[in-house]
2 protein chains.
Amino acid sequence: MEYFQMTESTVEEYVKKIGMFANESVLATREVGDGNLNLVFIVKEEATGKSVVVKQALPYVRVVGESWPLSIDRTIFEANALEIQSKLAKGLVPEIYHRNDDLALIIMEDLSRLELMRHGMIKMKKYPKFPEHMSTFLADTLFYTSDLYMDSEDKKKMVAKFINTELCKITEDLIFTDPYFDAESNNINPALRPYLEEVFWKKQYLRLETAKLKYKFLTEAQSLIHGDLHTGSIFAGEEETVAFDTEFAFVGPSAFDVGKVIGNFLINYVSWSGKDEEPGKVKDYRDYLLDSINGYYNLFVKKFKANWDKDAKDVIAKVEGYQAHYMENIFRDALGFAAAVMIRRMHGLAHNLDVDGIENEEKRKDVQITILELAEEIMMDRYSFENIEAVTKLVKERIY
Amino acid sequence: MEYFQMTESTVEEYVKKIGMFANESVLATREVGDGNLNLVFIVKEEATGKSVVVKQALPYVRVVGESWPLSIDRTIFEANALEIQSKLAKGLVPEIYHRNDDLALIIMEDLSRLELMRHGMIKMKKYPKFPEHMSTFLADTLFYTSDLYMDSEDKKKMVAKFINTELCKITEDLIFTDPYFDAESNNINPALRPYLEEVFWKKQYLRLETAKLKYKFLTEAQSLIHGDLHTGSIFAGEEETVAFDTEFAFVGPSAFDVGKVIGNFLINYVSWSGKDEEPGKVKDYRDYLLDSINGYYNLFVKKFKANWDKDAKDVIAKVEGYQAHYMENIFRDALGFAAAVMIRRMHGLAHNLDVDGIENEEKRKDVQITILELAEEIMMDRYSFENIEAVTKLVKERIY
């Protein structure tokens, strides 16, 4: 079947043709994609209320337009990753019902009962199960796709299957390169520009640390990672947490996913400094955020080690001291990646609504500078923190 | 064409069929393969003296037999690597004339005018051009196949092309795993066994350092490496140095090739302690070996940096301080890999004739223990040496 761009009506035809809904069903379909890259349809059967999501890749970057072409093959990476993750972390990723690689299309579980975590966090919503769920998701997907567990031949075949050049390139450029100079792709708050020009872009030492992290991203094939695990890639509710949008998946540094979550929590944490919220509520929510980071990270380490002790196959994994060395590296790298992500979301191409929701340019600038400085401190001191509590303690000392 | 195992006569038919020699040519062909894995024929035209090498992979490990099957696809990796290396380092690898992937066959330059470097070194032969040549080979092949130079998409496609699972697995097992316990694959001098059991296999700290290196080998996709660059994979003469046997090639840690050369030189260095050679000649040859190591390594660094300064494409490569950081890592890792290789050649599956040529078991054992202890010291102190001269100085202090 040749690729064509779907519409509400061709989507309905398609889901009936493949037998997902009966021919006589009355369906309601709407396009709801608000991401940067794809079409997303929710198809609902009126009689039963049964619904599915149909996601189709467009042959260009939606947020920019046809001038930025992007291969629709990314759907293959997304579906391949989803198939692996749903085995390793059932219930923590959307269920996949159907894929059609020619049409660059995936039909999966409708998660509209849940809210995008970022949107919830902007409303000070708390997710008490998040540390438990996300630590399981990461401990299971990162451990069981690493050389610690996999046969080295299977692992290498997985590396080949996930050579995701185009989407990796986006990360390489937008996270690790462009924010460190006056690149065209940057999206800069005019009030922030003087700080970038006079201060931030002159920080050679920060650029050096980012270079080291970029190189890890380019060369360190540790685990099958989600690759874009920010709070806008997570649906959450009281009882559920679901990571989606795995099109950036590839075999890369495990700490990347771990750190991205932390970075996004810290962006939300600082963002309240630019908003008119009752101070007591802000303090309370900030305490909740730091507790979540501590809980999430410590549970991740505990579960990753438990998987290791139970299921590590490679002999090297059993050498005394190696586990500690490995977890130490993940900690340092995760802090580095967290910082890199905080930086790129301030003046790189893609921002976070947490901060961009601050309409006053000056106030927004102040928050952005605070986040850039906090990120810098975390990046530069990442080898000195004793544990995650030392990091969140620093955050609280700086901003509360 | 379906695979069949060649003989002298089918080789002659084949080279005529593809027009490499005229039908009426009188050829002399002999099988000369003494390696572990393949058939190697030298085909010579009697009238002109023109000759070529025909290398064919066998579907099993030659040195073990049909009980250890091995995919003939390794010829594809060898030919693919050779094609890239011959562009980057012309004259430092054999010229490739013809490949037939179905037959797992490569026809290439006959290098019998040169000697296997290991054989020459056992006879105290000196190779004055070696540091110059080998440093060029490594600086050029390792730099121009790294993310420092290559477009990140091309680099990733190269990673996929060189997913060389079977031959990597051999290295993972035989270098980084089996020598550290009483594995069946080990090939142990009976006189050495008590030392291994009572001392060597109890060194937990050494196993931990090797685990770190194994993990780098498994996950660090830096450059297209030769993958088996010992002195038995190098032909050399007064004026020429040629690296061959690239079937282990894959995208791995750059320092692996760099260190393997050093480790093989040091094995030869110590081996003289078990041989009846005139002390003056031994001292002289040892001085030559250490000078060669210093020269080779320093030239490698100089040329790698020169390539970098001239041709680095990625922005990260230009960040101040990043080159120094990168070269520092290569140095530390190269010393680790050198040590790992010295260890595996003492009691792992594959040995070096340098030491195995010592017929007396006791004398051989003494040399083996000296090498194991030297390797341990290099491995454990690899982060402390200031430069390569500090390493060779230590070697001379220990053994001279």
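Residues numbered from 1 in each chain as written. Chains lettered and ligands numbered in written order. Predicted model: local features only at pLDDT ≥ 70, side-chain atom pairs only at ≥ 80, totals over all residues. Heavy atoms only, no water.

Under the annotation held in an unreviewed UniProt entry, chain A carries the name S-methyl-5-thioribose kinase and is attributed to Alkaliphilus hydrothermalis. A UniProt comment under Subunit (unreviewed entry) is attached to chain A, and it reads "Homodimer." UniProt, in its Sequence similarities (unreviewed entry) section for chain A, records the words "Belongs to the methylthioribose kinase family." (UniProt positions renumbered as here; feature names shortened; annotations may be inferred.)

Peer 1: Just checking my understanding: could you explain the overall build of chain A for this structure?
Peer 2: If you tally the helices and strands in chain A, you get 14 helices and 12 strands. Taking 2.2 N^0.38 as the reference for a compact globule, 400 residues should give roughly 21 Å; the C-alpha atoms of chain A span a radius of gyration of 21 Å, in line with that estimate. Dimensions along the principal axes, computed over C-alpha positions, put chain A at roughly 60 × 55 × 40 Å. Within chain A, the fraction of its 400 residues that count as buried is 62%. Here chain A displays about 15,300 Å² of accessible surface, and carbon together with sulfur accounts for 49% of that area. Here chain A carries 50 positive and 67 negative side-chain charges, and the mean point of each set is 3 Å from the other. (Helix = DSSP H or I, 4+ residues; strand = E, 2+ residues; numbered from the N terminus. Rg over C-alpha atoms; globule rule 2.2 N^0.38 Å. Buried < 20%, exposed > 50% of the residue type's maximum accessible area, 1.4 Å probe, protein only. Areas by Shrake-Rupley, 256 points an atom, 1.4 Å probe, with all protein chains shown as cover. Lys, Arg positive; Asp, Glu negative; His and termini not counted. Charge placed at Lys NZ, Arg CZ, Asp CG, Glu CD.)

Peer 1: What should I look at first to understand the packing of helix H9 (residues 255-271) of chain B against helix H13 (residues 361-380) of chain B in this one?
Peer 2: Each packed pair of helices is defined by two parameters, the angle between the axes and the distance between the axes. Residue and element names in this part refer to chain B. Contact geometry of H9 with H13 gives a least axis separation of 10 Å together with a crossing angle of 140°. Taken together, the axis directions place H9 and H13 in an arrangement best described as oblique. The way H9 lies across H13 gives a crossing that is right-handed. Contacts between H9 and H13 pair Leu-266, Ile-267, Val-270 and Ser-271 from the former with Val-367, Thr-370, Ile-371, Leu-374 and Ile-378 from the latter. A class-by-class count of the residues in the contact of H9 with H13 yields seven nonpolar, two polar and no charged. (Axes fitted to C-alpha atoms, helices over the stretch in contact; angles between N-to-C directions. Parallel < 35°, antiparallel > 145°, perpendicular 65-115°, else oblique. Left-handed = near helix turned anticlockwise from the far one by under 90°. Contact = heavy atoms within 4.5 Å. Nonpolar A, V, L, I, M, F, W, Y, C, P; charged D, E, K, R; others polar.)

Peer 1: How do you make sense of the sheet that holds strand E8 (residues 115-116) of chain A when you look at a structure like this?
Peer 2: Adjacent strands of a sheet form backbone hydrogen bonds with each other and so pair up, either parallel or antiparallel. Residues and elements named next belong to chain A. If you walk across this open sheet you meet the three strands as E8-E10-E11, and the pairing is antiparallel. Each edge of the sheet is formed by a strand with only one pairing partner; in this case those strands are E8 and strand E11 (241-243). Relative to strand E10 (residues 234-236), E8 runs antiparallel, the two sharing two bridges. Note on E10: the bridge partner recorded for Glu-115 is Ala-236. (Pairing = 2+ DSSP bridges.)

Peer 1: Explain the domain arrangement of chain A here, please?
Peer 2: Where interface size is quoted, it is often the accessible area lost as the parts come together. Residues and elements named next belong to chain A. Split into domains, chain A comes out as domain 1 (8-109) and domain 2 (115-398). Opposite the 22 residues of domain 1 that make contact, domain 2 presents 27 residues. Interface area for domain 1 against domain 2, summed over the two sides, is near 2,100 Å², with a carbon-plus-sulfur share of 67%. Of all residues in domain 1, the largest losses of buried area upon contact with domain 2 belong to Phe-77, Leu-88 and Leu-92, amounting jointly to 31% of the total for that side. Across the domain 1-domain 2 interface, the total number found is three salt bridges. Close ionic contact of Glu-247 with Arg-74 constitutes a salt bridge, the shortest N to O distance being 3.9 Å. The interface formed by domain 1 and domain 2 contains five residue pairs in polar contact (both at pLDDT 80 or more). Elements with a minimum of two residues in the side of domain 1 that touches domain 2: strand E5 (65-69) and helix H2 (74-88). (Domains from an automatic or database assignment. Buried area = accessible area lost by both parts, 1.4 Å probe. Salt bridge = Lys/Arg side-chain N within 4 Å of Asp/Glu carboxyl O. Polar contact = N/O pair within 3.5 Å; in protein donor to acceptor, adjacent residues only side chain to side chain.)

Peer 1: What should I look at first to understand the pattern of salt bridges in this one?
Peer 2: Where charged atoms of side chains with opposite charge meet at close range, the side chains can pair. Enumeration over the complete set of coordinates arrives at 70 salt bridges over all chains. A:Asp287 is the partner of A:Lys396 in a salt bridge, and the nearest nitrogen-oxygen pair spans 3.0 Å. Of the two residues, A:Lys396 sits in helix H14 (residues 388-398) while A:Asp287 sits in helix H10 (residues 279-311), which places them 109 residues apart along the sequence. By relative accessible area, A:Lys396 is classed as partly exposed at 36%. Overall, the relative accessible area of 24% leaves A:Asp287 in the partly exposed class. Here B:Lys125 makes a salt bridge to B:Glu115, at a shortest N to O gap of 3.3 Å. Taken together, the residues span a long stretch of sequence, with B:Lys125 in the loop between helix H3 (117-122) and helix H4 (130-143) and B:Glu115 in strand E8 (residues 115-116) at a distance of 10 residues.

Peer 1: Just to check I follow, could you spell out the interface of chain B and chain A for this structure?
Peer 2: Contacts between the two partners involve 36 residues from chain B and, on the opposite side, 37 residues from chain A. Both faces considered, chain B and chain A share a buried interface measuring about 3,400 Å² in area, 68% of it formed by carbon and sulfur atoms. There are four salt bridges connecting chain B and chain A. Two residues, A:Asp314 and B:Lys214, come together in a salt bridge whose shortest N-O distance is 2.9 Å. On inspection of chain B and its partner chain A, the count reaches 10 residue pairs in polar contact (both at pLDDT 80 or more). Considering every element that reaches the side of chain B that touches chain A, the biggest residue donor is helix H8 (residues 204-219) of chain B, with nine residues. Class assignment for the residues of the side of chain B that touches chain A results in 14 nonpolar, eight polar and 14 charged.

Peer 1: Explain the relation of the copies chain B and chain A here, please?
Peer 2: Put simply, the second copy of the chain is the first one after a rotation about an axis and a shift along it. The two copies are related by a screw motion: chain B maps onto chain A through a turn of 180° and a shift of 0.0 Å along the axis, at an RMSD of 0.0 Å. Taken together, the turn and the small shift mark the pair as related by a two-fold rotation axis. Most of the interface of chain B is mirrored in chain A, where 100% of its interface residues again form contacts. (Least-squares fit on C-alpha atoms with pLDDT ≥ 70 in both.)

Peer 1: Looking at this model, I keep getting lost on the packing of aromatic side chains. Mind explaining?
Peer 2: What describes a pair of aromatic rings is the distance from one ring centre to the other and the angle between the planes of the rings. Throughout the structure, instances matching the rule amount to 52 aromatic pairs over all chains. Looking at A:Lys50, its charged tip hangs above the ring of A:Phe21, at a distance of 4.5 Å from the centre. The side chain of B:Lys275 reaches across the aromatic face of B:Trp272, ending 4.9 Å from its centre. (Phe/Tyr/Trp six-rings, centres within 6.5 Å; stacked < 30°, edge-to-face > 60°. Lys NZ or Arg CZ within 6 Å of the ring centre and 35° of its normal.)

Peer 1: For this particular structure, what's the right way to read the packing of helix H5 (residues 152-161) of chain A against helix H6 (residues 165-174) of chain B?
Peer 2: Two numbers describe how H5(A) lies on H6(B): the axes approach to 9 Å, and their chain directions differ by 135°. Classed by the angle they form, the pair H5(A) and H6(B) counts as oblique. Of the two possible hands of crossing, H5(A) and H6(B) adopt the one that is right-handed. Between H5(A) and H6(B), the residues in contact are A:Ser152, A:Glu153 and A:Lys156 and B:Thr165, B:Glu166, B:Cys168, B:Lys169 and B:Glu172, respectively. A breakdown of the residues in the contact of H5(A) with H6(B) according to their chemical character gives one nonpolar, two polar and five charged.

Peer 1: How should I be thinking about unusual backbone geometry in this particular structure?
Peer 2: Among all residues except glycine, the phi angle is most often negative; among peptide bonds, the trans geometry is most common. Residues and elements named next belong to chain A. Phi angles above zero are rare outside glycine, and Ala-104 is one such case at about 55°. Structurally, Ala-104 can be placed in the loop between strand E6 (96-100) and strand E7 (105-109). On the basis of relative accessibility, which here comes to 0%, the residue Ala-104 falls in the buried class.

Peer 1: What is the right way to read the nonpolar core from this model?
Peer 2: Inside soluble globular proteins, nonpolar side chains tend to come together where they are buried. Counting 229 residues, the largest nonpolar core has A:Phe300 and B:Phe300 as its most contacted members. Ignoring anything within four residues of it in the chain, the contact list for B:Phe300 reads B:Ser135, B:Leu138, B:Ala139, B:Leu142, B:Val258, B:Met327 and B:Ile330. (Core = buried A, V, L, I, M, F, W, Y, C linked by side-chain atoms within 4.5 Å.)

Peer 1: It is not clear to me how H4(B) should be interpreted in this structure. Could you clarify?
Peer 2: Residue and element names in this part refer to chain B. Compared with the 20 Å implied by 1.5 Å per residue over 14 residues, the 19 Å span of H4 between its first and last C-alpha is a close match. Most of H4 is tucked away, with 12 of its 14 residues classed as buried. All buried positions along H4 are accounted for by Phe-130, Pro-131, His-133, Met-134, Ser-135, Phe-137, Leu-138, Ala-139, Asp-140, Thr-141, Leu-142 and Phe-143. (Expected span 1.5 Å × (residues − 1).)

Peer 1: Please explain the environment of A:Val52 as it appears in this structure.
Peer 2: Residues and elements named next belong to chain A. Mapped onto the elements of the fold, Val-52 is located in strand E3 (residues 51-57). In this structure Val-52 comes out as buried when scored by relative accessible area, which is 2%. Taking C-alpha positions, Val-52 is 4.7 Å from Asp-110, a pair spaced 58 residues apart along the chain. With residues near it in sequence (within four places) discarded, Val-52 still touches Met-20, Phe-21, Phe-41, Ile-42, Val-43, Tyr-97, Ile-107, Met-108 and Asp-110.

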